[in-house]
Amino acid sequence: RYEPTWGSLDSRPLPAWFDEAKFGVFIHWGVFSVPSFGSEWFWWYWQKEKREPYVKFMEANYPPGFSYEDFGPMFTAEFFDPNQWADILKASGAKYIVLTSKHHEGFTLWGSKYSWNWNAVDVGPKRDLVAELATSVRNRTDLHFGLYHSLFEWFNPLFLEDTTNVFKTRKFPTSKSLPELYEIVTKYQPEIIWSDGNGNAPDTYWNSTGFLAWLYNDSPVRETVVTNDRWGVGSICRHGGFYTCSDRYNPGHLLPHKWENCMTIDKRSWGYRRNAQLDDYLTIEDLVKQLVETVSCGGNLLMNIGPTHDGRIAVIFEERLRQMGAWLKVNGEAIYGTKPWRAQNDTVTPEVWYTFSPKEGKVNAIFLNWPVSGTLELGEPQAKLGETQVKLVGYKELLKWVALGEKGIIIALPQLTPKQLPCQWGWTLQLTDIN
């Protein structure tokens with residue numbers, strides 16, 4: 001059994017499924033999807049920081065005295081079809097999803113008994129959105145279902161009172177935040193608890209170690225659940241299951257601890273923005289590059305979409321998800337279940353990243369640019385004459401190669417028309433029998 005101390009909790013081995021999965025989809029959905037302007041931090045930027053674009057947006061489009069709470073009933077979700085979402089998520093090639101059960105605005109996407117009249121069952125859709133998505137994902141896919149939960153809430157009076165008392169009082173965590181965490185775990189049995197938003201309070205205020213000890217020892221998901229590292233000031237990148245370190249974290253080198261790169265397809269926001277331009281969205285080339293770099297360095301990629309207030313996954317997000325799925329259909333064996341190799345990227349040719357498939361003993365070299373010369377030089381592999389084999393994933397015949405002294409290899413790529421290429425945005429060479 002685990003003790004409620006970081007020393008004990010951090011000794012828990014991360015359930016193997018998470019490292020093998022490599023790729024998940026993050027979903028930021030809530031009342032902030034109604035104004036869908038600027039950012040999911042809309043309420044804070046408008047009311048607390050009084051940023052000019054937000055103040056002007058409200059003055060121009062809403063009557064005087066309109067409050068953020070007035071957006072609640074407008075979060076309608078009339079087009080939300082959880083089966084359709086599940087099918088799109090499955091088509092992305094992701095192995096897990098993480099839905100924002102509650103963001104910093106405090107609105108819960110389930111009928112929480114600790115969030116009276118500020119939840120999706122009492123207000124807005126009048127539906128338990130968490131339950132509906134969980135059911136569809138579990139019935140139609142083999143994806144692991146995870147939930148994001150914000151510890152703090154910007155404007156909750158109990159939290160503000162505790163803040164004023166420099167967290168010497170603990171009214172908010174004992175009456176709101178912790179009961180909600182126990183509630184979602186017991187009710188929905190998520191296999192990921194993605195905690196966020198410490199409100200500048202230490203983990204002792206949140207009783208994070210107490211909750212995690214229960215989660216790992218006695219909860220219905222104790223065997224399979226994974227957690228992140230956002231459990232109070234000072235815990236990020238130091239304690240918890242996998243490390244997130246910061247948003248859009250992509251160190252570009254191998255880390256000693258399992259980590260995750262959580263990032264957004266919309267470069268500027270996690271929530272949906274109605275006024276986003278095409279330029280604001282990462283291309284599929286950008287996304288494949290992020291995935292390959294992340295996995296090579298031992299991380300998982302958690303790629304975020306923001307649905308609309310009426311429950312649609314915008315077409316641009318759907319396209320990116322399906323493109324990623326199409327790429328993974330061809331190259332998945334170089335991603336899923338792999339381990340980092342001794343070199344993460346090539347020393348001679350840029351934009352070449354390595355993974356290792358332990359079961360088959362294969363080294364995967366994923367190259368993002370097809371060379372004009374038709375030959376690819378790799379500085380890292382040590383080939384063995386008469387033994388090493390090189391294969392382009394998705395192409396039948398073996399490739400010819402020449403070794404370059406002690407280390408390095410030149411590979412002749414097949415001459416293919418664009419239509420004959422196994423995929424369009426990055427290709428995998430499988431090398432067997434190399435030192």
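Residues numbered from 1 in each chain as written. Predicted model: local features only at pLDDT ≥ 70, side-chain atom pairs only at ≥ 80, totals over all residues. Heavy atoms only, no water.

Draft legend 1. Structural view of the packing of helix α7 (residues 157-164) against helix α8 (residues 171-188). Across the interface, α7 lies against α8 with an axial gap of 8 Å and an inter-helix angle of 150°. With respect to their mutual orientation, α7 and α8 come out roughly antiparallel. The two elements α7 and α8 cross, and the hand of that crossing is left-handed. Where α7 approaches α8, its residues Leu158, Phe159, Glu161 and Asp162 are matched on the opposing element by Lys171, Phe172, Pro173 and Ser175. Residue composition of the contact of α7 with α8, grouped by class: four nonpolar, one polar and three charged. (Axes fitted to C-alpha atoms, helices over the stretch in contact; angles between N-to-C directions. Helix = DSSP H or I, 4+ residues; strand = E, 2+ residues; numbered from the N terminus. Parallel < 35°, antiparallel > 145°, perpendicular 65-115°, else oblique. Left-handed = near helix turned anticlockwise from the far one by under 90°. Contact = heavy atoms within 4.5 Å. Nonpolar A, V, L, I, M, F, W, Y, C, P; charged D, E, K, R; others polar.)

Draft legend 2. Layout of the UniProt feature "domain: Glycoside hydrolase family 29 N-terminal" (unreviewed entry) in the chain. The UniProt entry lists residues 1-333 under the feature "domain: Glycoside hydrolase family 29 N-terminal" (unreviewed entry), expressed in the numbering used here. Taken end to end, residues 1-333 comprises 36% helix and 12% strand; its first and last C-alpha atoms sit 36 Å apart. (UniProt positions renumbered as here; feature names shortened; annotations may be inferred.)

Draft legend 3. Geometry of the sheet that holds strand β12 (residues 401-403). Spatial ordering of the open sheet is given by β10-β13-β12, a layout of three strands whose pairing is antiparallel. Pairing within the sheet leaves two strands with one partner each, and these edge strands are β10 (375-378) and β12. Looking at each pair of strands side by side, their axes are set apart by 15° on average, direction ignored. Relative to strand β13 (residues 409-412), β12 runs antiparallel, the two being bridged by three bridges. Paired with Trp401 across the bridge in β13 is Ile411. (Pairing = 2+ DSSP bridges.)

Draft legend 4. How the structure looks around the pattern of salt bridges. Overall, the coordinates contain 26 salt bridges when judged by the stated rule. The salt bridge involving Arg140 is made with Asp87; its shortest N-O contact spans 2.9 Å. On the criterion of sequence distance, the pair formed by Arg140 in helix α6 (residues 129-140) and Asp87 in helix α5 (residues 82-91) is long-range, its members being 53 residues apart. The partner of Glu293 in a salt bridge is Lys289, with the nearest N and O atoms 3.2 Å apart. Here the residue Glu293 and the residue Lys289 both occupy positions in helix α11 (residues 284-296), the gap between them amounting to four residues, near one helical turn. Classification of Glu293 by relative accessible area gives buried; the value is 12%. Each of the salt bridges in this network shares a partner with another, and the network as a whole consists of Asp19, Lys22, Lys258 and Lys339. (Salt bridge = Lys/Arg side-chain N within 4 Å of Asp/Glu carboxyl O. Buried < 20%, exposed > 50% of the residue type's maximum accessible area, 1.4 Å probe, protein only.)

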